[in-house]
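Here's the letter readout for the chains.
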Amino acid sequence: DAGITQSPRHKVTETGTPVTLRCHQTENHRYMYWYRQDPGHGLRLIHYSYGVKDTDKGEVSDGYSVSRSKTEDFLLTLESATSSQTSVYFCATGASKVSDTQYFGPGTRLTVL
Amino acid sequence: QQQVKQSPQSLIVQKGGISIINCAYENTAFDYFPWYQQFPGKGPALLIAIRPDVSEKKEGRFTISFNKSAKQFSLHIMDSQPGDSATYFCAASGMGGFKTIFGAGTRLFVKA
């Protein structure tokens, strides 16, 4: 898994509560990504980072924010969780620009009741 | 123009048979086409990838066929094995941006 860990691995929370998911990498990769995986939709990009404190939106960014204060950590925050954000969240890293392999973490299964 | 369309959604193949998964894209700026394999409870992992300057790439039992004019590419798994049972995602990306676009995935089941 290219030294990528995600925490927590499973979380159940209630609608309206804030949630933060953490991605930690030991590969010193510059690029980091957050995806959500839902049946029939594949992997959809939420936010990505191209360096410390450099982030940008993906295709499904509404309701999510990210922060990257160190190369190794990329945090995803759900400001006020909704049931539509129930999903499996994957973090990925990449050493170079987009035309290259992405390495995925093990995922976080989030359930919003 | 950013979509990658993948088919079929699911596939059942007999052991020893050939599994074929197809993808189509629209954006001609894409220049990297990877396939990822995902087992249940795990993150996706790169299986094989191709760039548009070649029409075919083979790694063991896995082959990507690429048709630039048709904007299509496919994954062929020869001599399919039960251990190949997984979800497969095609993807496309280009030098103009940081994003990789994924297909919706194909769930492959190889019957023993």
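In what follows, the accompanying structure is described. Note that this is a predicted model, so its numbers are computed, not measured.

### Remarks on the overall build of chain A
Inference 1: Secondary structure summary: chain A contains 0 helices and 11 strands in total.
Inference 2: Whereas a compact globule of 113 residues would reach a radius of gyration of roughly 13 Å, chain A reaches 13 Å, a difference of no more than 12%.
Inference 3: Principal axes of the C-alpha set define a box for chain A whose edges measure 40 × 30 × 25 Å.
Inference 4: Within the span of chain A, comprising 113 residues, buried residues form 50% of the whole.
Inference 5: Approximately 5000 Å² of chain A is accessible, and the part contributed by carbon and sulfur atoms is 46%.
Inference 6: Computed over 12 positive and 12 negative side-chain charges, the separation of the two mean positions in chain A equals 2 Å.

### Observations regarding the nonpolar core
Inference 1: In terms of nonpolar packing, the biggest core is built from 25 residues, with B:Val4, B:Phe33, B:Trp35, B:Phe73, B:Leu75 and B:Tyr88 touching the most fellow members.
Inference 2: Among the elements that line this core, the one with the most residues is strand β9 (residues 86–94) of chain B, at 4 residues.
Inference 3: Residue contacts for B:Tyr88: discarding those within four places in its chain leaves B:Gln6, B:Ile21, B:Tyr36, B:Gln37, B:Leu47, B:Leu75, B:Ile77, B:Gly105, B:Thr106 and B:Leu108.
Inference 4: Formed by 18 residues, the second largest nonpolar core is a distinct cluster that contains A:Leu21, A:Cys23, A:Tyr64 and A:Leu78.

### Some points on the interface of chain B and chain A
Inference 1: Counting residues at the interface gives 21 residues for chain B and 23 residues for chain A.
Inference 2: For the pair chain B and chain A, the summed buried surface comes to about 1800 Å²; carbon and sulfur atoms form 59% of the total.
Inference 3: Across the contact surface, chain B and chain A share 0 salt bridges.
Inference 4: The tally of links between chain B and chain A comes to 3 residue pairs in polar contact (both at pLDDT 80 or more).
Inference 5: It is strand β4 (residues 30–38) of chain B that provides the largest number of residues to the side of chain B that touches chain A, a total of 4 residues.
Inference 6: Across the side of chain B that touches chain A, the residue classes tally to 9 nonpolar, 8 polar and 4 charged.

### Considering unusual backbone geometry
Inference 1: Omega for the bond connecting A:Ser7 with A:Pro8 falls within 30 degrees of zero, at -10 degrees, which places this linkage in the cis form.
Inference 2: As for its placement among the helices and strands, A:Pro8 is situated in the loop between β1 (4–7) and β2 (10–13).
Inference 3: Look at the link from B:Ser7 to B:Pro8: it is a cis peptide, with omega at -5 degrees.
Inference 4: Structurally, B:Pro8 is set in the loop between β1 (4–7) and β2 (10–14).
Inference 5: Notably, A:Asn28 is not glycine yet its phi reads approximately 60 degrees, a positive angle.
Inference 6: Secondary-structure assignment places A:Asn28 in the loop between β3 (19–25) and β4 (31–38).
Inference 7: You can call A:Asn28 exposed: its relative accessible area is 62%.

### Overview of the sheet that holds strand β6 (residues 56–59) of chain B
Note: strands within a sheet are paired through backbone hydrogen bonds, in either parallel or antiparallel orientation.
Residues and elements named next belong to chain B.
Inference 1: Across the sheet, 5 strands lie side by side as β1-β3-β8-β7-β6; this open sheet has antiparallel pairing. Both edges of this open sheet fall to β1 and β6, since each of them pairs with a single strand only. Recorded for the sheet is a direction-independent mean angle of 15 degrees between the axes of neighbouring strands.
Inference 2: Note that strand β3 (residues 19–25) and strand β8 (residues 72–77) share 6 bridges and pair antiparallel. Counterpart to Ala24 in the pairing with β8 is Gln72.

### Examining a nonpolar patch on the surface
All names here are of chain B.
Inference 1: A surface patch of nonpolar side chains, about 240 Å² in accessible area, is lined by Ile18, Ile20 and Met78.
Inference 2: Here Met78 shows up in the loop between β8 and β9.
Inference 3: On the accessibility criterion, Met78 (35% relative accessible area) is partly exposed.

What counts, and at which threshold
- Residues numbered from 1 in each chain as written.
- Chains lettered and ligands numbered in written order.
- Predicted model: local features only at pLDDT ≥ 70, side-chain atom pairs only at ≥ 80, totals over all residues.
- Heavy atoms only, no water.
- Helix = DSSP H or I, 4+ residues; strand = E, 2+ residues; numbered from the N terminus.
- Rg over C-alpha atoms; globule rule 2.2 N^0.38 Å.
- Buried < 20%, exposed > 50% of the residue type's maximum accessible area, 1.4 Å probe, protein only.
- Areas by Shrake-Rupley, 256 points an atom, 1.4 Å probe, with all protein chains shown as cover.
- Lys, Arg positive; Asp, Glu negative; His and termini not counted.
- Charge placed at Lys NZ, Arg CZ, Asp CG, Glu CD.
- Core = buried A, V, L, I, M, F, W, Y, C linked by side-chain atoms within 4.5 Å.
- Contact = heavy atoms within 4.5 Å.
- Buried area = accessible area lost by both parts, 1.4 Å probe.
- Salt bridge = Lys/Arg side-chain N within 4 Å of Asp/Glu carboxyl O.
- Polar contact = N/O pair within 3.5 Å; in protein donor to acceptor, adjacent residues only side chain to side chain.
- Nonpolar A, V, L, I, M, F, W, Y, C, P; charged D, E, K, R; others polar.
- Pairing = 2+ DSSP bridges.
- Axes fitted to C-alpha atoms, helices over the stretch in contact; angles between N-to-C directions.
- Patch = residues over 30% accessible without salt bridge, like charges linked within 9 Å, V, L, I, M, F, W, Y side chains within 5 Å.

Distances and angles like these do not, on their own, reveal function.
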